[in-house]
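Listed below are the residues making up each chain.
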Amino acid sequence: MRQATLLVCAWALAGAGAWGATLADLDRYEALLAKNADDIRAGSEYRQAVIQLKQYDRCIKFFEELVAKSPQAANAYLNFGFAYVDKIPDAGAITQVILANTALSHFSKSIELKPSWIALYTRGNSYLYWPKIFGKAPLGVKDLEEAMKMQKQDKLRPYHVRAYISLGDGYWKMDDVEKARAVWQEGAKLFPNEPRLKERLSRSGDELAKYIDETLDPNKRVDTNLHELWEDQ
Amino acid sequence: MSRRALWSAAALPALLLAWNGVAKIQFEEIAGPAGVQMTHTTRHFKGKSADVLRMFTSGGAAVAVGDFNNDGLDDLFVTDSDEGKLSKLYRNEGNWKFTEVGEAAGVAGGNDPLSIVADGLWFDYDNDGWQDLLVVRFGTPILYHNERNGKFKNVTAGSGFTTFGNSIAAVAFDYDRDGDLDVMLGHYFKAENLLDLKTPHVLPNDLDNAVNGGGVALWRNEGNGRFTDVTKEAGLAHHTGWTLDIGHGDFDNDGWQDFYLANDYGTDRIFFNNKNGTFRDATEKSLGFDTKKGMNVDVADYDNDGFLDIYVTNITDEYMKECNMLWHNNGDGTFTDLSKETGTCPTLWGWAAKFGDFDNDGWQDIFVVNGLRSAGKDNYIPVLVTMITTPGIDFTDVNNWPNIGNMTWSGYQRKKMFRNLGNQAFKEISAEAGVDNDLDGRGIGMGDFDNDGLLDFYQTNADQKSLLYRGRTQGAGNWVQMKLIGAKSNRDAIGARVTLTAGGLTQIREVNGGNGYAGQSSLRLHFGVGRAAKLDAVEIQWPSGLTEKVNLTVNKIHYVQEGKGVVPAWGPKK
């Protein structure tokens with residue numbers, strides 16, 4: 001019983017990303033996912049352990065095999081895409097593009113299988129990291145508008161603030177500053193203490209551009225820990 | 001008011017400017033009137049890969065500054081690259097007039113159907129006191145001996161330089177301290193002739209960690225006009241990166257020359273001299289491994305702490321955020337990149353960069369050229385990324401790369417000049433300094449072409465006209481210049497270090513043999529000393545090991561011979 005309690009505590013820490021992972025933990029998570037490929041929580045926690053251990057290629061290979069065995073597991077594809085995102089900060093500038101593009105294709109497959117809020121938000125947000133020159137911001141906005149529709153039909157959840165932030169960023173990237181501010185303001189009414197919205201609303205012009213560019217810098221690690229999803233349950 | 005008082009009042013603001021180190025750095029572009037404006041042409045290839053190969057070889061616009069006729073005025077050798085095109089040798093006549101004498105001197109050729117001229121290097125390989133010229137090619141290099149009468153003799157056949165390489169960079173330094181200058185060549189592609197392709201697999205195998213480039217070659221000067229390839233025995237054969245530039249210097253203050261390699265598509269390398277004819281790769285300990293696109297290396301002690309630092313340009317643009325690297329030498333064999341902290345990080349698609357004290361305040365500033373290809377309104381990047389993200393694509397195959405046609409790729413970029421504020425911070429001043437042109441820059445050759453104590457520089461551009469910037473800074477500080485002449489050491493004194501103390505500041509300079517991408521600067525050392533009217537101490541450490549102290553005055557060019565101190569100057573032609 002005591003052993004089981006310790007394991008739960010350790011895994012809870014893993015969910016929060018504050019845990020010293022070992023290779024044995026990767027084995028355990030892989031065994032769990034082999035039993036249930038669609039386990040979004042196990043997939044997320046597995047990847048957090050992978051990030052600590054920098055075992056990105058092992059993780060990508062594992063998910064590649066997992067989705068081959070479970071081709072209908074939408075959340076496996078979602079975590080597969082995130083496995084590529086997790087590797088981006090440790091990669092060179094051009095490899096980052098290749099990883100980001102591959103991640104998008106797996107997010108798309110996840111949406112195709114199950115158009116969930118998290119999958120739409122994730123793909124929409126991912127498009128925003130691409131420089132303007134690639135013209136992906138409208139694609140991101142489309143996904144984020146869809147995610148926004150979904151969340152408005154749901155009860156308000158803490159993670160819904162993310163869609164307000166990203167959709168505003170998307171409009172900003174499409175040079176529609178007014179629309180961007182309106183979405184951020186709408187979000188701020190629902191989440192008045194949210195610092196990321198306050199930061200955006202307190203800036204304008206070059207200062208805002210610098211802030212968003214820094215936020216969407218592919219060299220910075222994106223927090224891909226999905227713990228907010230089940231902490232809310 | 002007396003005439004003297006009037007003079008003092010008029011002079012005061014300028015003096016104060018110099019004293020406070022706030023002189024406004026300014027340059028004037030005068031390539032046309034000076035007679036040195038040349039439009040470079042990159043090589044046109046034949047066949048279906050022509051467009052892609054031309055894009056990949058869009059370097060080759062280089063300048064080498066050197067006084068080939070010993071008249072006390074630095075001259076310019078400027079390369080061209082298209083088939084049959086002639087490189088230029090501009091003889092400095094003084095008063096900002098140059099005469100083109102390349103063909104008459106016999107150094108203009110080299111762009112034959114199977115070779116591309118890519119760089120030039122002045123060095124006195126036979127220690128006769130006259131600058132010889134190495135023309136670096138995608139092909140075999142050409143070595144010209146200076147016949148002392150304005151003409152050069154092609155001595156390649158007897159020199160040993162007969163190995164084919166896609167050479168893009170060259171430096172000369174005395175790695176074994178035997179008193180003559182050795183040559184290191186940086187090769188970009190592996191040794192396949194791009195003008196006679198036998199395989200399409202000639203491009204990088206990875207765009208962040210490529211290991212199928214040309215590496216480097218070290219040629220030891222045997223002292224009899226011959227050079228021997230000692231790459232393998234020096235421990236350098238394992239390096240197979242895409243070398244774009246080489247920067248040498250004594251990084252650990254042990255009296256022996258070390259070097260840094262800027263590699264495109266992946267990890268730069270630093271090698272320390274083992275003092276026994278070999279080098280050790282200290283990259284992991286000294287720098288760590290990077291994945292950036294190294295383009296240029298220049299070496300200087302930017303913070304005047306007595307250790308040589310290294311500046312490397314990379315690519316920082318909308319679609320690629322690499323940042324340059326200003327490697328601060330920690331003095332213990334390690335370096336810390338302070339480009340972000342110092343404000344020298346973003347220079348777009350960087351090429352050459354050079355340190356120089358443009359306002360003579362005792363702190364070395366930086367000029368960076370940039371820009372890959374300025375053409376039509378369509379952008380090549382989305383087209384390129386479509387190829388890059390194609391699953392399973394083989395980057396090495398030249399046939400897989402899309403043609404660029406008339407598309408622009410990181411073009412129309414404004415050059416960057418960073419003023420050294422002396423407190424580990426630089427300020428970008430290119431517009432106010434008058435150097436923010438938007439041409440597709442490649443090389444920078446720095447010197448004081450009119451011997452007025454202000455640094456000037458020549459900028460080469462790919463497929464565009466070159467520029468000559470004359471230093472015009474008003475109220476700059478005092479200065480001193482030294483042309484060192486080796487005796488037991490190599491005659492060019494490459495590798496000699498001068499430590500100068502004036503006005504409470506101690507600075508070091510080393511004579512270098514061609515540091516910086518596509519641009520060799522003057523062999524003459526230039527120091528700004530701010531308001532100091534006298535020099536407290538000047539010490540020279542010669543490559544031979546001799547340490548010599550000399551007494552020099554400010555605002556003068558001094559000639560110093562090893563073991564003899566100050567010697568008479570060569571006078572410029574009237």
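So, how was this worked out
Residues numbered from 1 in each chain as written. Chains lettered and ligands numbered in written order. Predicted model: local features only at pLDDT ≥ 70, side-chain atom pairs only at ≥ 80, totals over all residues. Heavy atoms only, no water. Disulfide = S-S within 2.5 Å. Helix = DSSP H or I, 4+ residues; strand = E, 2+ residues; numbered from the N terminus. Buried < 20%, exposed > 50% of the residue type's maximum accessible area, 1.4 Å probe, protein only. Phe/Tyr/Trp six-rings, centres within 6.5 Å; stacked < 30°, edge-to-face > 60°. Contact = heavy atoms within 4.5 Å. Buried area = accessible area lost by both parts, 1.4 Å probe. Salt bridge = Lys/Arg side-chain N within 4 Å of Asp/Glu carboxyl O. Polar contact = N/O pair within 3.5 Å; in protein donor to acceptor, adjacent residues only side chain to side chain.

*Asks:* Can you help me understand the state of the cysteines in this one?
*Replies:* Any covalent bond linking the sulfur atoms of two cysteines counts as a disulfide. Residue and element names in this part refer to chain B. One pass over the structure, following the stated rule, counts one disulfide over all chains. The disulfide partner of C323 is C345, and the S-S distance across this bridge is 2.0 Å. Negative torsions about the S-S bond denote left-handed disulfides, and the value of about -140° found for C323 with C345 makes this one left-handed. Linking C323 in the loop between β21 (320–321) and β22 (325–329) with C345 in the loop between α6 (339–342) and β24 (350–356), this pair joins segments that are 22 residues apart in sequence. Classification of C323 as buried rests on a relative accessible area of 4%.

*Asks:* Explain the packing of aromatic side chains to me, please; I cannot follow it from the model alone.
*Replies:* We describe a pair of aromatic rings using the distance from one ring centre to the other and the angle between the two ring planes. Residue and element names in this part refer to chain B. Enumeration over the complete set of coordinates arrives at 43 aromatic pairs over all chains. Between the aromatic rings of W242 and Y265, the centroid separation amounts to 5.6 Å while the plane-to-plane angle is 85°, which identifies the pairing as edge-to-face. In this pair, W242 is assigned in strand β14 (residues 242–249) and Y265 in the loop between β15 (258–264) and β16 (269–273), connecting sequence segments 23 residues apart. With respect to class, W242 is no different from Y265; both count as buried.

*Asks:* Would you take a moment to explain the environment of V155 of chain B for this structure?
*Replies:* All names here are of chain B. When you line up the elements, V155 lands in the loop between β9 (152–154) and β10 (165–173). Note on V155: relative accessible area 21%, which makes it partly exposed. Each C-alpha atom of the pair V155 and P200 lies 34 Å from the other, and the pair is 45 residues apart in sequence. Sequence-distant contacts of V155, that is, excluding residues within four places in its chain, are made with Y125, L143, Y144 and H145.

*Asks:* Whenever I open this one, the interface of chain B and chain A confuses me. Can you help?
*Replies:* Think of interface size as the accessible area that goes away when the parts come together; that is how it is often given. Residue-level contacts link 17 residues of chain B with 14 residues of chain A. Where chain B abuts chain A, roughly 1,300 Å² becomes buried across the two surfaces, and 69% of that area is made up of carbon and sulfur atoms. Taken as a group, D208, E318 and T389 of chain B account for 35% of the area that chain B buries against chain A, more than any other trio of residues on that side. At the surface where chain B touches chain A, the tally comes to zero salt bridges. In this structure, the connection of chain B to chain A is made through six residue pairs in polar contact (both at pLDDT 80 or more). Broken down by secondary-structure element, the contributors of at least two residues to the side of chain B that touches chain A are β21 and α7 (380–388) of chain B. For the side of chain B that touches chain A, the element with the most residues is α7 of chain B, which contributes four residues.

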